[in-house]
Amino acid sequence: MLNLIIILAVILVLAILIAVFRVTTLVGIVKGDAGKYVTSGNKVQAAICLLFLLAGIVGFFYYSFGGLDDDFTQPLASEHGVETDRLFWITMAITSFVFIVTQIFLFFFAFKYQYKEGNKATFYPHNNTLEIVWTAVPAIVLALLIISGWKAWTKITGPAPEESEVIEVMGYQYSWAVRYGGADKQLGDYDYKKIDVVNQVGIDFSDKASFDDFIPTKLILPKGRPVHLKIRARDVIHSVYQPHFRLQMNAVPGMPTRFWFVPTKTTAEMRQETGNPDFEYELVCNKICGKGHFAMKYLIEVVEPEEYDKWYASQDAWLKQNDDYLSQVPEELQEMAKIASGIENNAEIQPVENAVVSNN
């Protein structure tokens, strides 16, 4: 309600200023100013420039520090996010300072050098020193910002620590599929030709590492451990986005990407910090990937390492849950696949028909 009142107040002030300007114009016509080169409303417009400057600066800071939006920045829940936020606020401070200073000069000059009879402008065509300063200083500052951002970016997109939890994230219209490496902690290979209505990620069972892979219904992450996301898309460009982790990376068809980070707060801790008992981390897509884009969400839960290890060990392999896909395992590897996936040795192998899912 307060935000609505503020917006209405701003609209009202603007309406008043427009009305004042119109009244001033009409008064000028009555006084016979219509035929003058500069009317008496010139001073009013110059004063309005200063008022607009003052209102703009106040509104800028009011909005920037949460005056209209309490969730301008989300609580931080990853290690690299500290550096990301630091670079963000440094950039904001520099650009805001330059913006405010230039606007002050712009509107003050409009007021100070408004037209007055008898005034004559000074002819000042060039200044080499000034040109060098306002070219060199921005160039140096921008170079430092870009280098700092590049270093942070190459770290989180570079090789992940060896002890990382490797998880595959695949985007498709309109959901996410997540795959873990199973007991051996190694993700098996995939093949888009093997995608069907059940095997949505296209697990390739000719690769021994895929036998114990599992696909959960929720992305579970351990607090304090590095998490390495291997990202891909099945159809169009999606974008893996999670604001609390300061995580964003495009999922591009045919071009796997990656991103690693360390979660620092469990879901329970975030519920306590935010005061929201229903808080959930969510993985969303922030590319407009089609008409069902709005529904592309996937729940994330961050837990303590001990709880994560217990949950991980309790997961059944995807092949065990879909043992009819044993027919896709090379004959000489089927016994190994049964053991690795936990299928009983006497499990009956049923053939499976491949029905590739249309990406449209």
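Preceding this paragraph is the structure being described.
Computed from a predicted structure; not experimentally measured.

(A) View of the sheet that holds strand E7 (residues 257-261). Spatial strand order, E2-E1-E4-E7: four strands in an open sheet with mixed pairing. The sheet is open, and its two edges are formed by strand E2 (175-180) and E7, each paired on a single side. Put simply, the sheet's adjacent strands are angled 25° from each other on average, direction ignored. Relative to E7, strand E4 (residues 227-233) runs antiparallel, the two being bridged by five bridges. In the sheet register, Leu229 faces E7, and the bridge partner there is Phe259.

(B) Local environment of the pattern of salt bridges. As enumerated under the stated definition, the model contains 14 salt bridges in all. One salt bridge in this structure joins Arg86 and Glu83, with 2.9 Å as the shortest N-O distance. Here the residue Arg86 and the residue Glu83 both occupy positions in helix H3 (residues 80-112), the gap between them amounting to three residues, near one helical turn. Exposure remark for Arg86: the relative accessible area of 42% places this residue in the partly exposed category. Taking the shortest distance from any N to any O, the salt bridge between Glu165 and Arg225 comes out at 3.5 Å. Residue Glu165 is found in strand E1 (residues 165-172), and its partner Arg225 is found in the loop between strand E3 (219-222) and E4; the two are separated by 60 residues along the sequence. Judged by its relative accessible area of 8%, Glu165 falls in the buried class. It is possible to trace a salt-bridge network through shared partners that takes in Glu165, Lys185, Arg225 and Asp309.

(C) Just the pairing of strand E9 (residues 297-303), in detail. As defined by bridge partners, E3 adjoins E9 across four bridges and the pair is classed as parallel. Paired with Ile220 across the bridge in E9 is Glu301. Pairing of strand E8 (residues 281-285) with E9, which is carried by four bridges, proceeds in the antiparallel orientation. The residue of E9 that forms the bridge with Val284 is Lys297.

(D) Focus on a nonpolar patch on the surface. Taken together, the side chains of Ile104, Phe105, Phe108, Phe109, Phe111 and Tyr113 define a hydrophobic patch exposed on the protein surface, amounting to about 610 Å² of accessible area. In this structure, Ile104 sits in helix H3. A residue is classified by how much of its surface remains accessible, and Ile104, at 37% relative accessible area, is partly exposed.

(E) Quick peek at empty space enclosed by the protein. All chains considered together, the criterion is met by one cavity of 30 Å³ or more. Approximately 30 Å³ is the volume attributed to the largest cavity. What lines the largest cavity is simply Leu219, Leu221, Leu229, Phe245, Leu247, Phe261, Leu283 and Ile300. In terms of residue class, the lining of the largest cavity is made up of eight nonpolar, no polar and no charged.

(F) Quick look at the layout of surface pockets. Space inside the largest pocket adds up to approximately 620 Å³. If you trace the largest pocket, you find 20 residues lining it, with Val10, Val13, Leu14, Ala55 and Gly56 closest to the centre. Of all elements in the fold, only helix H1 (2-31) and helix H2 (41-64) reach the threshold of two or more residues within the lining of the largest pocket. Among the elements that take part in the lining of the largest pocket, H1 stands out by supplying 10 residues, more than any other. Along the lines of polarity and charge, the residues of the lining of the largest pocket split into 18 nonpolar, two polar and no charged.

(G) Examining helix H6 (residues 305-313) more closely. Among all positions in H6, only Pro305, Tyr308, Trp311 and Tyr312 are buried. On an axial view of H6, the arc spanned by its buried residues comes to 125°, and they lie on one face. The exposed set on the far side of H6, more than 90 degrees from its buried face, consists of Glu306, Lys310 and Ala313. On its buried face, H6 sits against E1, E2, E3 and E9.

Criteria and cut-off values
Residues numbered from 1 in each chain as written. Predicted model: local features only at pLDDT ≥ 70, side-chain atom pairs only at ≥ 80, totals over all residues. Heavy atoms only, no water. Pairing = 2+ DSSP bridges. Helix = DSSP H or I, 4+ residues; strand = E, 2+ residues; numbered from the N terminus. Axes fitted to C-alpha atoms, helices over the stretch in contact; angles between N-to-C directions. Salt bridge = Lys/Arg side-chain N within 4 Å of Asp/Glu carboxyl O. Buried < 20%, exposed > 50% of the residue type's maximum accessible area, 1.4 Å probe, protein only. Patch = residues over 30% accessible without salt bridge, like charges linked within 9 Å, V, L, I, M, F, W, Y side chains within 5 Å. Areas by Shrake-Rupley, 256 points an atom, 1.4 Å probe, with all protein chains shown as cover. 1 Å grid on protein atoms, 1.4 Å probe; cavity = no way out; pocket = protein on both sides within 12 Å on 5 of 7 lines; lining within 4 Å. Points joined across faces, edges and corners; volume = space filled by probe spheres on them. Nonpolar A, V, L, I, M, F, W, Y, C, P; charged D, E, K, R; others polar. Arc of directions from axis to C-beta. Contact = heavy atoms within 4.5 Å.

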